[in-house]
Amino acid sequence: MITDALETINDSLEMRRCFDLARIGKGNVNPNPMVGSLLLYHQMVIGEGYHQQFGGNHAEVNCFNSVITKNRPKIPDSTLFVSLEPCCFHGKTPACSDLIINKKVKDLRISAIDKTPNVNGKGLKILSAENVKVQTSFLEKTGNWFVRNRTVFVTKKRPYIILKFAISKDGFLGKKDKKIWLTNPISKRLVHKWRSEVGAIMVGTNTALTDNPNLNNRYHYGSSPLRIVPDFHHKIPNNSHLKDGKTPTWILNGDEQKFSSAPNLDYISLPKGPSFLPRLFDKLVEANIDTLLVEGGAHLLNSFIEAGFWDEARVFKTNRTLGDGIPAPILKGQNEVIEWIGQDQLTFSYSEEG
Ligand SMILES: NC(=O)c1ccc[n+]([C@@H]2O[C@H](COP(=O)([O-])OP(=O)(O)OC[C@H]3O[C@@H](n4cnc5c(N)ncnc54)[C@H](OP(=O)(O)O)[C@@H]3O)[C@@H](O)[C@H]2O)c1
Ligand SMILES: [Zn+2]
């Protein structure tokens, strides 16, 4: 039998702990989702685990493995909490639904349904048919939030798109042909952390020319994302940081012409126009990249906004006044959350669909 959660405070606390565990995998599991799991024997937690690394053990496996020998006989009489529906197919690792059945767990509580087409409730049905009591929807809103990248990736067949930019106090993104820094160093460090959490980062041609950005992660542990820049008119010079050959980089043009032989540099031919972004997303999905951070400028950001290709925006409103310049994109997001990073006001907002 599969039933919806009748949440009690305790159940919520255990699922909250699953989310805390899941969060530790952030940046290392993509395009898999972050997942946490906990085993509760009466009032005693006998195991915990989370998905640590793409291709590695799923959360449930690590949770079972964490149970010490003395406590293993308790597993069949324990309740298993997982922040996401257990997988039911043999992918990079064996199916967790089989493992749960083999471990003789009879009580399972989950938060979100895994929207991956070959799972999507199937894992729960398999378990229920084996007489596992399955309860769903524990803190479901938070559970869905944790796997939102994955949900967009598997249902929309494109990466989860985060727009990020900084604006002056008077609403400008920058000045034409002039490199201008708007945010404070702590905001900059936070952006580098975000870079460690995404698969790819993109800027427009003008930004590459004006700012000559490195677009890598230098101020936070973790990796640097794939760098992407359109260059349809072959304007970006070979001494640009984006062509330094140090970090994997895609230069998008219409003719597959190579203008540098630097290592880690791929020239990818895409059509300009309305199919440019969808074709880019196809390439990113092929490369298993589930999250794209778009860092400007205005032209590139507006092309994402106008086509409705964004899920989340992170906008720094800074204290600097520019007087004139390139107008910042206008976003109609919802569920805004505002934080302060020193004097920079950071707003997170979400697209209507997201
Ligand atoms: N404040 C911030 O957070 C921030 C962030 C980034 C940049 N900036 C500033 O913004 C300024 C640059 O902004 P911008 O609006 O002028 O330029 P941009 O968006 O960086 O680049 C625009 C150019 O990129 C190519 N491009 C962009 N979107 C495309 C699409 N959908 N399909 C095909 N090609 C596309 C086109 O190149 P072609 O015309 O060659 O085809 C286009 O002219 C710079 O001054 C930079 O310093 C500020
Ligand atoms: Zn699994």
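Heads up: the structure comes first, above all this text.
None of the values given here were measured: they were computed from a predicted structure.

Colleague: How would you summarise the site of ligand 1 if you had to cite specific residues and measurements?
Modeller: Taken together, 26 residues form the shell around ligand 1, and within it Ala166, Leu173, Thr207, Asp211 and Lys272 come nearest. Within the backbone of alanine 298, a nitrogen or oxygen atom sits 3.1 Å from an oxygen atom of ligand 1. Within the contact set of ligand 1, a nitrogen atom lies 3.0 Å away from a side-chain nitrogen or oxygen of serine 303. Protein chains shield 87% of the accessible area of ligand 1, which is 920 Å² for the free molecule. Of all the secondary structure elements, the ones that give two or more residues to the shell around ligand 1 are β7 (160-167), α8 (205-211) and α10 (298-306). No other element matches the five residues that α8 contributes to the shell around ligand 1. Its residues assigned to classes, the shell around ligand 1 shows ten nonpolar, ten polar and six charged.

Colleague: Please give an account of the pattern of salt bridges that cites residues and values.
Modeller: Following the criterion strictly, the structure yields 14 salt bridges and no others. Close ionic contact of arginine 23 with aspartate 20 constitutes a salt bridge, the shortest N to O distance being 3.2 Å. One end of the pair, arginine 23, and the other, aspartate 20, are both in helix α1 (residues 9-23), three residues apart, so they sit about a helical turn from each other. Linking lysine 106 and aspartate 77 is a salt bridge whose minimum nitrogen-to-oxygen distance equals 3.8 Å. With a gap of 29 residues between them, lysine 106 in the loop between α3 (96-102) and β5 (107-112) and aspartate 77 in the loop between α2 (59-65) and β4 (79-84) connect regions that are remote in the sequence. Under the relative-accessibility criterion, lysine 106 is labelled partly exposed at 45%. Note on aspartate 77: relative accessible area 53%, which makes it exposed. Linked by salt bridges that have partners in common, Lys26, Lys193 and Glu197 make up one network.

Colleague: Quick one: what's the story with the side chain of arginine 227, residue by residue and with numbers?
Modeller: By the secondary structure assignment, arginine 227 is in strand β10 (residues 226-230). In terms of polar contacts, arginine 227 uses its side chain to reach the side chain of threonine 249, at 2.9 Å. For arginine 227, the contacting residues outside a window of four places in its chain are Ile201, Asn214, Leu215, His241, Leu242, Asp244, Gly245, Lys246, Thr247, Pro248, Thr249 and Trp250.

Colleague: Before we move on, can you summarise the nonpolar core with the specific residues and values?
Modeller: In terms of nonpolar packing, the biggest core is built from 32 residues, with Ile228, Leu284 and Phe304 touching the most fellow members. Looking at this core, the elements with two or more residues in it are β7, β9 (200-202), β10, β11 (249-253), α9 (276-286), β13 (291-294), α10 and β14 (312-317). Trp194, Val203, Leu346 and Tyr350 belong to the second largest nonpolar core, which has 28 residues in total.

Colleague: Can you tell me about the coordination of the zinc ion (ligand 2), naming the residues and giving the values?
Modeller: Summarising the metal site, the zinc ion (ligand 2) is bound by the protein donors His58 (ND1), Cys87 (SG) and Cys96 (SG), whose distances to it range over 2.0 to 2.3 Å. Ordering the donors of the zinc ion (ligand 2) by residue number gives the pattern H-x28-C-x8-C. Of this pair, histidine 58 sits in the loop between β3 (44-50) and α2 while cysteine 87 sits in the loop between β4 and α3, and the two are 29 residues apart along the sequence.

Colleague: Can you tell me about empty space enclosed by the protein, naming the residues and giving the values?
Modeller: Evaluated as defined, the whole model comprises one cavity of 30 Å³ or more. The calculated volume of the largest cavity comes to roughly 210 Å³. Lining the largest cavity are 21 residues, and of these Lys26, Asn30, Met34, Asn149 and Glu197 sit closest to its centre. The element best represented in the lining of the largest cavity is helix α6 (residues 148-155), accounting for three residues. For the lining of the largest cavity, the two domains that each supply at least three residues are domain 1 (2-150) and domain 2 (156-350).

Rules used throughout
- Residues numbered from 1 in each chain as written.
- Chains lettered and ligands numbered in written order.
- Predicted model: local features only at pLDDT ≥ 70, side-chain atom pairs only at ≥ 80, totals over all residues.
- Heavy atoms only, no water.
- Near = heavy atom within 4 Å.
- Polar contact = N/O pair within 3.5 Å; in protein donor to acceptor, adjacent residues only side chain to side chain.
- Areas by Shrake-Rupley, 256 points an atom, 1.4 Å probe, with all protein chains shown as cover.
- Helix = DSSP H or I, 4+ residues; strand = E, 2+ residues; numbered from the N terminus.
- Nonpolar A, V, L, I, M, F, W, Y, C, P; charged D, E, K, R; others polar.
- Salt bridge = Lys/Arg side-chain N within 4 Å of Asp/Glu carboxyl O.
- Buried < 20%, exposed > 50% of the residue type's maximum accessible area, 1.4 Å probe, protein only.
- Contact = heavy atoms within 4.5 Å.
- Core = buried A, V, L, I, M, F, W, Y, C linked by side-chain atoms within 4.5 Å.
- Donors = N, O, S within 2.8 Å, 3.2 Å for Na, K, Ca; no water.
- 1 Å grid on protein atoms, 1.4 Å probe; cavity = no way out; pocket = protein on both sides within 12 Å on 5 of 7 lines; lining within 4 Å.
- Points joined across faces, edges and corners; volume = space filled by probe spheres on them.
- Domains from an automatic or database assignment.

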